[in-house]
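Single-letter residue listing:
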Amino acid sequence: GCLGVLCGAQGGRALFLRTPLVRPAHISHIHLSPNLHSGSKAAPLHWTSERVVSVLLLGLLPAAYLNPCSAIDYSLAAVLTLHSHWGLGQVVTDYVHGDASQKAAKAGLLALSSLTFSGLCYFNYHDVGICTAVAMLWKL
């Protein structure tokens, strides 16, 4: 039957276990931390800032649920926009090739992030705010 097709002549060992489909690539160096030889303090500072924003976001989510107020609405607008901007900036860096294309993509991202922050602030000021809007969505 079907099992007979998958099993070879080597004592019933499955065919897909005998043939490796993926061979490991040779990797000479992987740098998980900023280059210490570059002399720039911007990379470690940016890395630390990303972690601080992530921790702030983790703290703001339960605070928004427990105590929805305009201060948390505006904090969420800022932190969510910054977190998204940095994340999408990494996508642009990794996947957009060519100097002109990358500059255009980063300019577009800056415009999108600015529009997002402005829109969230407008929504917080002229409507119910982020916290109340999410609570209203949960009630649906």
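Small disclaimer: the values here were computed from a predicted structure and weren't measured. (Residues numbered from 1 in each chain as written. Predicted model: local features only at pLDDT ≥ 70, side-chain atom pairs only at ≥ 80, totals over all residues. Heavy atoms only, no water.)

Visitor: For this particular structure, what's the right way to read the nonpolar core?
Guide: A general feature of soluble globular proteins is that nonpolar side chains tend to end up buried together. Grouped together as the largest cluster of nonpolar side chains are ten residues: Val53, Leu57, Leu60, Ala64, Ile72, Leu76, Ala77, Val79, Ile130 and Cys131. When residues of this core are traced back to their parent elements, those giving at least two are helix H3 (42-66), helix H4 (70-95) and helix H6 (130-139). Residues in contact with leucine 76, not counting those within four places in the same chain, are Leu57, Leu60, Leu61, Ala64, Thr81, Ile130 and Cys131. (Core = buried A, V, L, I, M, F, W, Y, C linked by side-chain atoms within 4.5 Å. Buried < 20%, exposed > 50% of the residue type's maximum accessible area, 1.4 Å probe, protein only. Helix = DSSP H or I, 4+ residues; strand = E, 2+ residues; numbered from the N terminus. Contact = heavy atoms within 4.5 Å.)

Visitor: Which parts of the structure should I look at to understand the pattern of salt bridges?
Guide: Close approach of charged atoms allows side chains of opposite charge to pair. The full count for this structure, using the stated rule, is one salt bridge. Arginine 51 serves as the salt-bridge partner of glutamate 50, at 3.1 Å between the closest nitrogen and oxygen. Note on glutamate 50: relative accessible area 17%, which makes it buried. Judged by relative accessible area, arginine 51 falls into the partly exposed class, the value being 38%. (Salt bridge = Lys/Arg side-chain N within 4 Å of Asp/Glu carboxyl O.)

Visitor: Would you explain the confidence of the model for the chain in this entry?
Guide: Any residue range with low pLDDT should be treated as having predicted coordinates unsuitable for detailed reading. For the chain, the mean per-residue pLDDT works out to 81, and 72% of the residues sit at or above 70. When pLDDT is averaged over each element of the chain, helix H5 (residues 99-126) comes out on top at 97 and helix H1 (residues 2-6) at the bottom at 44. The low-confidence segment residues 13-17, where pLDDT is below 50, has eight contacts with residues more than four positions distant or belonging to other chains. Across residues 29-37, confidence stays below pLDDT 50; counting only partners more than four residues off in sequence or on other chains, it has two contacts. (pLDDT = per-residue confidence, 0-100.)

Visitor: Please clarify how the UniProt feature "binding site: heme b" (unreviewed entry) in the chain should be interpreted in this entry.
Guide: Within the UniProt annotation, "binding site: heme b" (unreviewed entry) is assigned to His83. By relative accessible area, histidine 83 is classed as partly exposed at 35%. Discounting chain neighbours no more than four positions away, the residues touching histidine 83 are Val53, Ser54 and Leu57. (UniProt positions renumbered as here; feature names shortened; annotations may be inferred.)

Visitor: What am I meant to see in the packing of aromatic side chains here?
Guide: Summed over all chains, the structure comprises one aromatic pair. Aromatic pair tyrosine 65 and tryptophan 138: ring centres 6.0 Å apart, planes at 55 degrees, arrangement tilted. With a gap of 73 residues between them, tyrosine 65 in helix H3 and tryptophan 138 in helix H6 connect regions that are remote in the sequence. Across the pair, exposure class does not vary: tyrosine 65 and tryptophan 138 are exposed alike. (Phe/Tyr/Trp six-rings, centres within 6.5 Å; stacked < 30°, edge-to-face > 60°.)

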